[in-house]
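Now for the letters of each chain:
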Amino acid sequence: MVTEHAALPFPSHVPAVELDGVSRRFGATLALDECSLSIGRGETIALLGPNGAGKSTAIGLMLGILEPTAGAVRTLGHGARTAVLSGRVGAMLQGGGLPIGARVGELVDLARALSPSPTPRDLVLERSGLTSLAGRRADTLSGGETQRVRFAMAIAGDPDLLFLDEPTVAMDVESRRAFWDDIRRSAAEGRTVLFATHYLDEADQVADRIIVLAHGRVVADGSPAALRASVAERSVRFTLAATDEPEAGIGALPGVVGVTRHGDDITLVTRDADATVRALVASGARFRNLEVAAADLDTAFLALTSDRPTATAA
Amino acid sequence: MLASRLAAPAAAGSFRPLLAYLRLEVRRALRNRRYLVMTVVFPLVIYVLYTAVLPADGGDGTTIDGLTWPVGFLISMAAYGAIGAAMSQAVPVAMERRTGWTRQLRVTPLPGWAYVTAKAITAILLTVPSVALVVTVGSLINHLGIGVGDALSIVVALALGAAPFAAIGLLIGYLLDAESAQGGMVLTLFTMAILGGLFVPLEAAPPVMATIGSMLPSSHLANLGRAAAAGTAPAALDVAVLVAWTVAAGALATWAYRRDERAGG
């Protein structure tokens, strides 16, 4: 099946990515469980979820590195592999070493030579902060510098669709800020950007839509604000009166979906704060400093991705 | 042979990715100093040691395929270097699978067949400096007077004849992990060299060994080189055996590559 990729149609009304009932199994593990989602052109999407939620699997499927066990994947309206070979997709995968003996500039040159519409070399180096490192051997770079080379290779082909799998993991605060500034600029120029992260603040500040994955399923999908609003959870905080106060039973209070404890300070995440507080009082437990608050994005995220079944946010 | 899922290139323009990647591979390979030691220094040292203890004219007039002993043995060592150079992609392939570089290339427009082909071509190209240096330096040391024309035909014969070893190197790189690939490659190299009669001529070996040796590509590669040195046409048998090994090892390497690709490597 040979295709003249340059001649492939890429109509702009076709979604950038479509998953339709996609599952992927690795041996006994179901990494992705009947996921369906559609990503429009020009959207900036955060794929959010704890480790093992299926983020990298989803990206691998969208890039054609992995084949789905069931369901269909369309990238830019085509099979994922075809879309990647067309040169309209850029990707920065998680981890991954650079080849021994290659110079940074040579890797950028390679990525540019593979693309039908490369970004100018100097611009690629500048945007990835590699201008002064172009002559360096790629196998002598630090983790953060290696990450930047991977980013340079992802953008060298001036892609319409950019995938970034936990892109800022090895970066310091300064490079992280510069990196996201650049991504915002890319997105503003009309590119579709999908990035996986487990940093909530990154998702909140950069994405205009967050898709939350947990246990291989989409558990929430919406704008950061909608996500916060959609979560019915409240947090109930209090301090136990005595350290020996039995903690057992607190997690079983009505409405409670999560418990965290720091010393004597207990934080409950509950879906029915009224019922939880009533039951807490009735239980006879001795406590002080009772406080009930709306969930922040952190709490919402915890509630959405906890092991207990949760309602799907709109 | 690298068919269907590897997708053959449609137009001449489709070779652009292959050439772009080949350029990077050749540059990388030439920066690897270990390669020089294994494929140039080692065969030359063995050559000098052997020819220093035996008279330059072969003493009793021993010849290998009609060549004087020092010339015949020089071709054996050049063949050894060519085999080592051709298999030199085993460790890089295994390493690049582990570090995720191959996975990273799979999210670029570089087709899978182009990566494998670039590796194979690199392996063949690496035999050129190795054979050229071994033949030139060996000839100078022992005053063999091998002319430029003869040297060139030896280089071409050994480079093309090393194709089965390029395929075997890729097979090792796809079958073994990064730790075992080096050992697997060295073991294969020595097995091929010793049983193929590169260190001790097959004529001097016990019949069973000679029979085994005559089935290995290494003995036929050396024959090919000697024919080039003698200025005679390559024997059909040598060519046939080398082609058969290339096809078989190439098919296995393709299978191993696809297996790795399916695993998401």
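Above this note sits the structure.
Nothing here was measured: the structure is a model prediction, and the numbers come from that model. (Residues numbered from 1 in each chain as written. Chains lettered and ligands numbered in written order. Predicted model: local features only at pLDDT ≥ 70, side-chain atom pairs only at ≥ 80, totals over all residues. Heavy atoms only, no water.)

Caption draft 1: Structural view of unusual backbone geometry. The backbone of leucine 76 of chain A shows a phi angle near 50°, a positive value even though the residue is not glycine. Mapped onto the secondary structure, leucine 76 of chain A falls in the loop between strand E4 (70–75) and helix H2 (80–85). Among the residues examined, leucine 76 of chain A registers a relative accessible area of 2% and is labelled buried. Of note in the backbone geometry, histidine 143 of chain B takes a positive phi value of approximately 50° without being a glycine. Relative to the helices and strands, histidine 143 of chain B is located in the loop between helix H6 (112–141) and helix H7 (148–161). (Helix = DSSP H or I, 4+ residues; strand = E, 2+ residues; numbered from the N terminus. Buried < 20%, exposed > 50% of the residue type's maximum accessible area, 1.4 Å probe, protein only.)

Caption draft 2: Layout of the interface of chain B and chain A. Taken together, the contact between chain B and chain A spans 29 residues of the former and 33 residues of the latter. Buried surface at the junction of chain B and chain A, summed over both partners, amounts to about 2700 Å²; 59% is from carbon and sulfur atoms. Area buried by chain B at its contact with chain A is led by Arg31, Val107 and Pro109 of chain B, which between them contribute 24% of it. Summed over the shared surface of chain B and chain A, the result is two salt bridges. We note a salt bridge from glutamate 106 of chain A to arginine 27 of chain B, for which the minimum N-O separation is 3.2 Å. For the interface between chain B and chain A, the tally reads nine residue pairs in polar contact (both at pLDDT 80 or more). Counting only elements with at least two residues in the side of chain B that touches chain A, the list comes to helix H1 (16–30), helix H4 (90–99) and helix H5 (101–105) of chain B. Ranked by residue count, the leading element in the side of chain B that touches chain A is H1 of chain B, at seven residues. Looking at the side of chain B that touches chain A, its residues break down into 14 nonpolar, six polar and nine charged. (Contact = heavy atoms within 4.5 Å. Buried area = accessible area lost by both parts, 1.4 Å probe. Salt bridge = Lys/Arg side-chain N within 4 Å of Asp/Glu carboxyl O. Polar contact = N/O pair within 3.5 Å; in protein donor to acceptor, adjacent residues only side chain to side chain. Nonpolar A, V, L, I, M, F, W, Y, C, P; charged D, E, K, R; others polar.)

Caption draft 3: Structural view of the layout of surface pockets. Considered as a void within the structure, the second largest pocket measures approximately 580 Å³ in volume. For the second largest pocket, the lining is made up of 24 residues, of which Ile100 of chain A together with Asn32, Arg34, Val91 and Pro92 of chain B are closest to its centre. Looking at the lining of the second largest pocket, the elements with two or more residues in it are H1, helix H2 (33–53), H4, H6 and helix H9 (178–195) of chain B. Broken down by element, the residue count for the lining of the second largest pocket peaks at five residues, all from H4 of chain B. Taken together, the residues that form the lining of the second largest pocket break down as 11 nonpolar, six polar and seven charged. (1 Å grid on protein atoms, 1.4 Å probe; cavity = no way out; pocket = protein on both sides within 12 Å on 5 of 7 lines; lining within 4 Å. Points joined across faces, edges and corners; volume = space filled by probe spheres on them.)

Caption draft 4: Fine view of the sheet that holds strand E5 (residues 89–92) of chain A. Residues and elements named next belong to chain A. Taken together, the six strands give an open sheet; going across it, the order is E5-E6-E7-E3-E8-E9, and neighbouring strands pair in mixed fashion. One side of each edge strand has no neighbouring strand; the edge strands of this open sheet are E5 and strand E9 (217–222). Neighbouring strand axes in the sheet, compared pairwise and without regard to direction, differ in orientation by 15° on average. Of the strand pairs in this sheet, strand E3 (residues 44–48) and strand E7 (residues 192–197) are connected by five bridges, and their pairing is parallel. Counterpart to leucine 47 in the pairing with E7 is alanine 196. (Pairing = 2+ DSSP bridges. Axes fitted to C-alpha atoms, helices over the stretch in contact; angles between N-to-C directions.)

Caption draft 5: Structural detail: the pairing of strand E12 (residues 265–270) of chain A. Residues and elements named next belong to chain A. Counting buried residues in E12 gives five out of six residues, a clear majority hidden from the surface. Across six bridges, the pairing between strand E10 (residues 234–240) and E12 is antiparallel. Bridge pairing in E12 places arginine 237 opposite threonine 267. Pairing geometry for strand E11 (residues 256–262) and E12, over six bridges, is antiparallel. Paired with glycine 258 across the bridge in E12 is valine 269. Between the antiparallel neighbours E11 and E12 lie two residues, among them glycine 263 with a positive phi of about 60°.

Caption draft 6: Summary view of the packing of aromatic side chains. Residue and element names in this part refer to chain A. Considering all chains together, one arrives at 14 aromatic pairs over all chains under this definition. Measuring from ring centre to ring centre gives 4.6 Å for tryptophan 180 and phenylalanine 195, while their planes differ by 55°; the resulting arrangement is tilted. With tryptophan 180 in helix H6 (residues 173–188) and phenylalanine 195 in strand E7, this pair connects stretches of sequence that are 15 residues apart. Under the relative-accessibility criterion, tryptophan 180 is labelled buried at 5%. Taken together through their ring pairs, the aromatic side chains of Phe151, Phe179, Trp180 and Phe195 make up a single cluster. (Phe/Tyr/Trp six-rings, centres within 6.5 Å; stacked < 30°, edge-to-face > 60°.)

Caption draft 7: Up close: empty space enclosed by the protein. In this structure the tally under the stated criterion is four cavities of 30 Å³ or more. Of the voids in this model, the largest cavity is the one considered here, and its volume is about 160 Å³. Lining the largest cavity are 17 residues, with Val89, Met153 and Ala154 of chain A together with Val107 and Thr108 of chain B sitting closest to its centre. For the lining of the largest cavity, a count of residues per class yields 10 nonpolar, six polar and one charged. As a volume, the second largest cavity reaches approximately 110 Å³. Lining the second largest cavity we find 12 residues, and of these Thr102, Arg106, Gly112, Tyr115 and Tyr257 of chain B sit closest to its centre. Elements with a contribution of two residues or more to the lining of the second largest cavity: H5, H6 and helix H12 (236–262) of chain B. Ranked by residues supplied to the lining of the second largest cavity, first place goes to H12 of chain B with three residues. Of the residues belonging to the lining of the second largest cavity, the class tally is six nonpolar, three polar and three charged.

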